[in-house]
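Chain residues, written in single-letter form:
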Amino acid sequence: MRQPTISLRRRILYVLAAFLLIFLSLIFRVGWIQLVQGAELRQEAQQFRTREIQIQPKRGTVMDREGRDLAVSVDVDSLFAVPTEIQDVQQTARALADVLEHQEEELFDRLSRSASFVWIARKLNPETAQQVRELDLRGLHFTRESQRVYPKGSLASHVLGFAGIDSQGLEGLERSYDEILTGEPGKIVMEFDAEGREIPQAVYRHVPSRQGKHIYLTIDEVIQYIAERELSHAIQETGAKGGSILVMDPSNGDVLALAARPDYDPNQWAEFPPQLWRNPAISNTEHPGSVFKPVIAAAALETGRVTPETTFYDPGYVQVPGATIHNWDREGLGSTDFATGFIKSANVIFVKTGLRLGLDEFYLYLERFGLDSTTGIALPGEAHAIIPEKDSAREVDLAVMSFGQTLSITAIQMTTALAALVNGGMLLQPRLVREIEDAETGQVTENRTTVLHQVVSEDTSSTLRQLMVNTVEDGTGSRAQIPGYTAGGKTGTAQKTVDGVVSRDRHVASFAGFAPADEPAVVCLISLDEPQEHYYGGLVAAPVFRQVMKETLRHLGIAPDDPESLQDSPPDVTQEIEQYDPVAVPQVKGMPLDEAGEILQEGGFEYSVVGDGAEVLHQFPSSGVKMRPGATVMLYTEEEKEYLEGEAVDVPDVRGMSLRRAAERLNDIGLRIQVSGSGVVVEQNPQPGTEVQRGDIVHLSLESPGS
Amino acid sequence: MKSAGSSSRGIPKPRSKQAPDFILLLTVFALVGFGVVMVSSSSSYSALVRFGDSLYYLKRQGLWAVAGLASMLLVQKIDYWVFRRHARLFLVLALVLLALSLIPGVGVEARGSRRSIVVGPLSVSPAELVKLCLVIYLAHTFCRVPQKMKSFLFGVLPPLVVVGAAVAMVMLQPDLGTALTIAGTVLILLYAAGARVIHLLLLMAVAAPAVYYLIMAEPYRYRRFVAFLNPWADPLGAGFHIIQSLYALGSGRLLGVGLGGSHQKFLHLPEQHTDFIFAIVGEELGFVGSGLLLILFLIFAWRGFSIAAHAPDRFSTLLATGITVMIVLQVVINVGVVTSVMPVTGIPLPFISYGGSSLLVVLASAGILLNISSYCERA
């Protein structure tokens with residue numbers, strides 16, 4: 001055996017020395033990580049391991065002006081357990097299994113989990129929650145989650161809009177007041193293991209949420225109900241494909257009712273085609289027709305171009321460069337005064353009046369009445385008026401605009417202008433929200449009416465009221481007479497422009513009026529889209545005005561100014577409303593059209609047919625959805641919008657679009673949507689251009705612009 | 001010092017036997033105890049999740065520790081020259097084990113590499129045993145003629161051919177970490193045995209392109225290889241593992257979050273009770289604990305090399321050196337990986353990491369060291 005040599009020993013010593021150095025540097029390295037970088041790494045690690053669970057705040061309630069609920073968030077109880085607090089897991093699991101009708105073993109597993117928080121059951125119905133409470137078990141707790149409910153069904157659906165699954169405002173007031181209604185979310189911070197399980201010794205932090213504010217609308221539920229009922233009735237009578245009724249208090253611009261058809265049930269908004277979410281009174285522009293004439297009259301009177309006594313010669317037509325314009329009945333009034341021309345709604349006299357005003361003053365008054373832009377009402381999607389550029393407007397344009405054609409405005413604009421015409425000449429911004437109440441402090445903030453400016457003088461306003469009263473008493477608006485009250489108004493029958501051509505057979509019949517005559521408490525605009533057969537505003541819209549006003553004035557307690565004409569007292573609407581509970585829509589899919597119609601009518605529903613088929617292929621909403629009687633059920637009889645499921649399509653780019661436009665776009669090619677967030681679409685999944693199959697779901701992420 | 005009656009045929013007459021190195025014995029017991037406690041703490045959650053029994057790994061590691069310590073005390077009784085007599089047998093054993101692990105059905109594939117073989121109900125990782133066998137064989141080969149070591153052709157090359165075959169088989173598994181440990185051990189052993197430094201440098205210069213090729217051949221290996229340079233460049237991919245390791249270490253700071261208090265062990269840190277157990281030590285016991293553990297290893301290294309330096313003959317010196325280097329080099333690589341100064345290679349921390357066969361072999365190796373120590377001239 002050889003002795004280890006000296007050199008061998010020396011080399012071993014070198015190796016030891018090398019390892020010593022390496023170990024010292026490793027110790028230094030470990031120390032650096034633990035002592036120098038430690039604090040930062042510990043924080044990062046904690047962030048990595050924990051997740052925040054957002055607690056949705058309870059969304060504020062939307063009420064009518066009297067505090068009646070229109071949109072509420074219902075607290076639903078969700079049950080969770082803190083396993084460490086439970087004494088007898090087996091017994092607890094057994095007791096819960098009975099009440100919740102869950103598997104006992106599964107509950108036992110959950111309850112014996114070593115975590116600080118375990119969901120047991122979410123969104124329980126109240127009875128079950130009560131039963132669990134009565135068990136009085138240790139370690140079980142309730143937390144509240146909220147669900148949006150529209151207790152009145154489709155009533156005022158176009159005003160209210162709707163909120164999505166995460167209680168985010170998507171349409172209507174829910175969208176425009178989303179921030180106020182939402183409140184501030186709270187959070188639970190929890191720690192998870194790498195596979196998503198909650199873990200013992202977890203970091204647990206709870207920040208409570210702050211409830212959203214309550215909103216009191218200017219809408220009066222009773223008047224809204226009256227308007228909706230009468231609108232449904234009128235549509236049924238006239239065969240119109242849609243329409244709207246606006247009721248406003250001219251003294252403060254309060255919108256008392258805004259009814260529109262077709263409508264939808266916000267409780268089941270996703271069941272309805274997105275086209276129906278559109279609020280026609282705000283988002284559609286139409287030629288106003290003769291209801292626009294009071295605006296021209298006011299401008300001409302205010303500027304002194306005419307007086308009621310100014311004499312005109314009306315041969316039944318008038319020639320302007322490029323056109324010959326006739327009266328609606330092609331009859332001439334001969335030599336007559338302006339007042340008579342107004343009452344008889346003579347186009348010839350208004351053309352002449354408009355020409356006397358000239359382009360400058362015409363456009364000036366459009367602007368002063370707020371008819372050249374928008375009203376700024378607190379609803380999303382308000383359309384801008386469409387008016388020819390002043391610089392390019394010809395004499396013929398001025399002539400035609402003078403009786404309400406060529407230019408297009410919204411119903412809310414017309415109503416707002418009407419309010420200014422009769423309230424002494426003051427233009428107000430239409431008000432939809434009266435008060436905002438802080439749900440936590442009870443503090444109420446009034447949302448004051450925005451007074452814009454004096455448009456015409458008190459005198460002009462008064463003259464115009466008289467002219468409109470005369471129109472109802474002796475002229476085209478005789479069917480608008482309200483028993484017990486002196487009403488004023490103006491009829492309108494506008495020819496629609498369809499695909500850029502003025503249509504001969506498609507009309508908008510309208511009536512704009514107010515009552516009582518001397519101190520108007522209510523103005524009301526009725527407009528019916530494409531009534532069949534009879535389409536004159538005086539014939540089809542004026543009676544609707546009468547019905548709505550009769551009950552509205554009585555409901556508001558306005559003293560009759562013409563008691564002699566008072567007939568029998570109308571029935572009390574309030575009682576009628578109480579009996580007006582939502583009813584489930586019957587199943588009519590697959591039935592012949594006439595049979596389906598009968599069933600729906602028996603059930604108190606109206607229906608609207610899409611397509612020329614004889615059999616109902618689809619219905620909206622589907623059976624079982626609860627709707628108020630009188631609501632419209634859409635019946636589809638043609639397959640044109642139905643696609644073979646599974647057929648391949650490319651996902652269009654809908655980024656930057658509003659929810660409604662995006663939904664329409666995707667709906668058109670047979671794709672369904674899922675929504676998160678609110679505002680405009682910022683992200684979509686799948687990406688544009690991806691090939692998917694019809695019937696697939698496209699997820700849309702929405703964000704408010706600017707946030 | 002010349003020992004009386006030494007024979008050129010290598011049948012030594014036993015010199016007077018003393019008590020084994022007490023400090024080494026104590027250190028080994030301390031390390032094993034430390035290891036069992038840390039396996040218990042770091043594995044409790046994953047054991048609960050995987051097997052529904054938080055003590056699953058502890059029970060097994062405890063048994064292996066008892067078996068390992070028994071085998072250490074047993075091996076300590078076997079005089080070291082017995083190993084020399086059977087050195088070639090150990091080489092054959094090493095090569096057979098490696099070959100077996102490559103045979104499908106015998107070698108068990110886990111995470112894309114065949115590192116263990118099935119023996120009845122047990123799955124055994126032969127890497128440790130292979131290393132020990134190679135060390136015994138090399139100590140034997142290098143000890144014959146010291147002068148030969150000066151010659152590249154006759155001293156350095158022949159054992160390299162044999163070791164090269166073993167390393168090649170390890171790379172086929174593939175197990176880069178073990179291959180590196182073997183290569184490193186051989187290199188240091190060559191140096192200790194008296195090889196010329198220039199030869200060793202030459203050897204490294206030749207091996208470098210091969211290592212480079214091996215790393216670049218597999219894209220995953222390259223990504224893993226460079227991830228330690230900046231783990232945050234790919235935090236959810238190649239850098240994930242190392243970031244979780246740094247999170248654990250950093251969270252410990254000076255005093256640690258307390259034994260059993262690790263949060264990274266909730267499956268965030270993969271291999272929390274095996275290759276990355278050092279990170280959990282750092283998290284739970286802080287710099288105090290991780291520093292103490294490194295110092296224990298340093299004591300082990302000191303005693304190991306000291307035994308080598310004072311061993312009675314050239315074979316025992318080289319054997320003690322080889323065993324010490326084999327264990328300490330693994331510690332360096334393991335801690336280097338955990339602290340992100342080295343690329344991630346799957347190497348357990350000797351004495352500490354969960355793994356029965358590894359613990360058994362490492363403790364048996366310690367037994368050999370202890371046996372040699374009882375023949376040492378006392379320093």
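Owing to the predicted nature of the structure, the values given are computational and were not obtained by experimental measurement.

The rules behind these values
Residues numbered from 1 in each chain as written. Chains lettered and ligands numbered in written order. Predicted model: local features only at pLDDT ≥ 70, side-chain atom pairs only at ≥ 80, totals over all residues. Heavy atoms only, no water. Core = buried A, V, L, I, M, F, W, Y, C linked by side-chain atoms within 4.5 Å. Buried < 20%, exposed > 50% of the residue type's maximum accessible area, 1.4 Å probe, protein only. Helix = DSSP H or I, 4+ residues; strand = E, 2+ residues; numbered from the N terminus. Contact = heavy atoms within 4.5 Å. Patch = residues over 30% accessible without salt bridge, like charges linked within 9 Å, V, L, I, M, F, W, Y side chains within 5 Å. Areas by Shrake-Rupley, 256 points an atom, 1.4 Å probe, with all protein chains shown as cover. Salt bridge = Lys/Arg side-chain N within 4 Å of Asp/Glu carboxyl O. Buried area = accessible area lost by both parts, 1.4 Å probe. Polar contact = N/O pair within 3.5 Å; in protein donor to acceptor, adjacent residues only side chain to side chain. Pairing = 2+ DSSP bridges. Axes fitted to C-alpha atoms, helices over the stretch in contact; angles between N-to-C directions.

Chemist: Give me the nonpolar core: which residues, what numbers.
Modeler: If you look at the biggest cluster of nonpolar residues, it comprises 137 residues, and the most contacted ones within it are Leu173(A), Leu217(A), Ile245(A), Phe369(A) and Ile526(A). Element by element, the count of residues in this core is highest for helix α15 (residues 411–422) of chain A, at nine residues. With residues up to four places along the chain from it excluded, the contact list for Phe369(A) reads Val295(A), Ala298(A), Ala417(A), Ala420(A), Leu421(A), Leu427(A), Val455(A) and Val456(A). Counting residues in hydrophobic clusters, the runner-up holds 131 residues, among them Ala45(A), Leu132(B), Leu200(B) and Val362(B).

Chemist: How would you sum up a nonpolar patch on the surface? Please name residues and give values.
Modeler: On the surface, a nonpolar cluster with roughly 720 Å² of combined accessible area is contributed by Phe28(A), Trp32(A), Leu35(A), Val36(A), Leu254(B), Leu255(B) and Val288(B). If you tally residues by element for the nonpolar patch, the top one is helix α1 (residues 6–36) of chain A, at four residues. Looking at where Val36(A) falls in the secondary structure, it is placed in helix α1. Val36(A) gets classed as exposed once you look at its relative accessible area, which sits at 51%.

Chemist: Tell me about the interface of chain B and chain A, and name the residues and values.
Modeler: Between chain B and chain A, the contact holds 75 residues from the first and 41 residues from the second. Overall, the association of chain B and chain A removes approximately 5,100 Å² of surface from exposure, summing both partners, and the carbon and sulfur fraction of that is 67%. For the pair chain B and chain A, the number of links is zero salt bridges. Our enumeration of links across chain B and chain A arrives at 11 residue pairs in polar contact (both at pLDDT 80 or more). Elements supplying a minimum of two residues to the side of chain B that touches chain A: α1 (22–51), α7 (176–192), α10 (240–252), α11 (277–309) and α12 (314–338) of chain B.

Chemist: An account of the sheet that holds strand β30 (residues 672–677) of chain A is needed here, citing residue identities and associated values.
Modeler: All names here are of chain A. Reading across the sheet, the three strands line up as β30-β33-β31 and stay open at both edges, with mixed pairing between neighbours. Looking at which strands have only one partner, the edges of the open sheet turn out to be β30 and β31 (680–685). Each neighbouring strand pair of the sheet contributes to a mean axis angle of 30°, computed without reference to strand direction. Relative to strand β33 (residues 697–703), β30 runs parallel, the two sharing six bridges. In the sheet register, Val 675 faces β33, and the bridge partner there is Leu 700. Each of β30, β31 and β33 touches helix α21 (residues 659–668); the most contacted strand, β33, lies at about 165° to it.

Chemist: Give me the side chain of Asp313(B): which residues, what numbers.
Modeler: On the secondary structure map, Asp313(B) appears in the loop between α11 and α12. Within the local environment of Asp313(B), its side chain forms a polar contact with the side chain of Tyr80(B), the two groups lying 2.7 Å apart.

Chemist: Tell me about the sheet that holds strand β22 (residues 501–515) of chain A, and name the residues and values.
Modeler: What holds strands together in a sheet is hydrogen bonding between their backbones, with the strands either parallel or antiparallel. All names here are of chain A. Spatially, β12-β11-β23-β22-β21 is the arrangement adopted by the five strands of the open sheet, whose pairing is antiparallel. Every other strand in the sheet has two partners, leaving β12 (254–261) and β21 (488–498) as the edge strands with one partner each. Pairs of neighbouring strands in the sheet enclose a mean axial angle of 15°, with direction left out of account. By the bridge criterion, 10 bridges tie β21 to β22 in an arrangement that is antiparallel. When the sheet's bridge partners are listed, Gly 489 is paired in β22 with Gly 513. Here helix α18 (residues 542–556) sits on the sheet in contact with β11 (242–249), β12, β21, β22 and β23 (522–529), set at roughly 150° to β23.

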